[in-house]
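Report on the structure
Here is how the chains run, residue by residue.
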Amino acid sequence: MRASPIACSRRAGSLRRHRRMIRCSPGPTEDGSCAHSGSVVNTAARISGTESPEKAGLPASISKSTQPNAQMSLRLSAALATLLLAIQIALGGWVSTNYAVLACSTFPQCQGNWWPVMDFAQAFSLWRPLGMTRDGRPIDFEALTAIHYTHRLMAYLVLVLLGALAWRWKRHGFMAAGRWLNVLLLWQLLTGVSNVLFDWPLMSAVAHTGGSAALLLCLSWTWFTTRMSTTVTISSTLTRPLS
């Protein structure tokens, strides 16, 4: 006895639904997987299949991955570097407003000594007129030396830490940011030394101030982009058409 066309259509539909349920059943499968955890997305997806036997050799394999631990470490390092840079910028402003740039006219030593005579108490007394003591007289030369040399010593620390951060950025794939950070560090070193050796020329002072702003922008931008970075890999594989 032959089945009616309606019955054949129902059986075919039931068979297709049964196949679809088998392919989409939970558990480890070869056709697809997805994982989402925490605030950082960690996704792995694989799509394989063809619409027709003619397209059997053109399935897609797509994967996205992030490394939360590495990115968190980079963000913390960038945040620490930004804090140190902000302190250094504040020290540079303190040097300029107290006219302490010319207190040291040699490099790398100051006044021919590695540790010149300095008065830190007077140098970093905040509640006083700029360049003056509380009683209205100019601050001592030892205080100007302390202001200048503190900024210089802090610059050495920032140079080392930001150089290490640039190396880490390039190691984790942020090549452009690492190169820009190295270039800006070199720029700051050259303009800062020229301020000392050439008696604080205006163009060098402006270039040094602009370089510090560019460093701050570079750190802030890279800290932001590390939060959204993902690695995307697209590849194709040869598979047989789905039966």
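These notes cover the structure that comes with them. Please read these numbers as outputs of a predicted model, since none were measured by experiment.

What counts, and where the lines are drawn
- Residues numbered from 1 in each chain as written.
- Predicted model: local features only at pLDDT ≥ 70, side-chain atom pairs only at ≥ 80, totals over all residues.
- Heavy atoms only, no water.
- Helix = DSSP H or I, 4+ residues; strand = E, 2+ residues; numbered from the N terminus.
- Contact = heavy atoms within 4.5 Å.
- Expected span 1.5 Å × (residues − 1).
- Buried < 20%, exposed > 50% of the residue type's maximum accessible area, 1.4 Å probe, protein only.
- Axes fitted to C-alpha atoms, helices over the stretch in contact; angles between N-to-C directions.
- Parallel < 35°, antiparallel > 145°, perpendicular 65-115°, else oblique.
- Left-handed = near helix turned anticlockwise from the far one by under 90°.
- Nonpolar A, V, L, I, M, F, W, Y, C, P; charged D, E, K, R; others polar.

To continue, consider the side chain of Gln188. Within the secondary structure, Gln188 sits in helix H5 (residues 175-197). Contacts of Gln188, omitting those with residues within four sequence positions, involve Ala207, His208, Gly211, Ser212 and Leu215.

Moving on, we come to H5. Taking 1.5 Å as the rise per residue, H5 with 23 residues should run 33 Å; its terminal C-alpha atoms sit 33 Å apart, in good agreement. Where H5 is buried, its residues contact helix H4 (141-171) and helix H6 (202-225). One or two positions beyond H5, positive phi appears at Asp199, with a value near 60 degrees.

Examined against the element boundaries, Thr133 turns out to sit in the loop between helix H3 (120-123) and H4. With relative accessibility at 7%, the residue Thr133 sits in the buried group. In this structure the C-alpha to C-alpha distance between Thr133 and Gln122, which are 11 residues apart in sequence, comes to 7.7 Å. When near neighbours in sequence (up to four residues on either side) are disregarded, Thr133 contacts Gln122, Arg128, Pro138 and Ile139.

What follows is about the packing of H4 against H5. Helix-helix packing is characterised by the crossing angle of the two axes and by the distance between the axes. Here H4 crosses H5 at 160 degrees, and the two axes come no closer than 8 Å. In this view, H4 runs roughly antiparallel relative to H5, as classed from their interaxial angle. Like other packed secondary-structure pairs, H4 and H5 cross with a definite hand, here left-handed. Contacts between H4 and H5 involve His148, Arg152, Leu159, Leu162, Gly163, Leu165, Ala166, Trp169 and Lys170 from the first element and Met175, Ala177, Gly178, Arg179, Leu181, Asn182, Leu185 and Val196 from the second. Each residue belonging to the contact of H4 with H5 can be placed in one class, and the counts come to 10 nonpolar, four polar and three charged.

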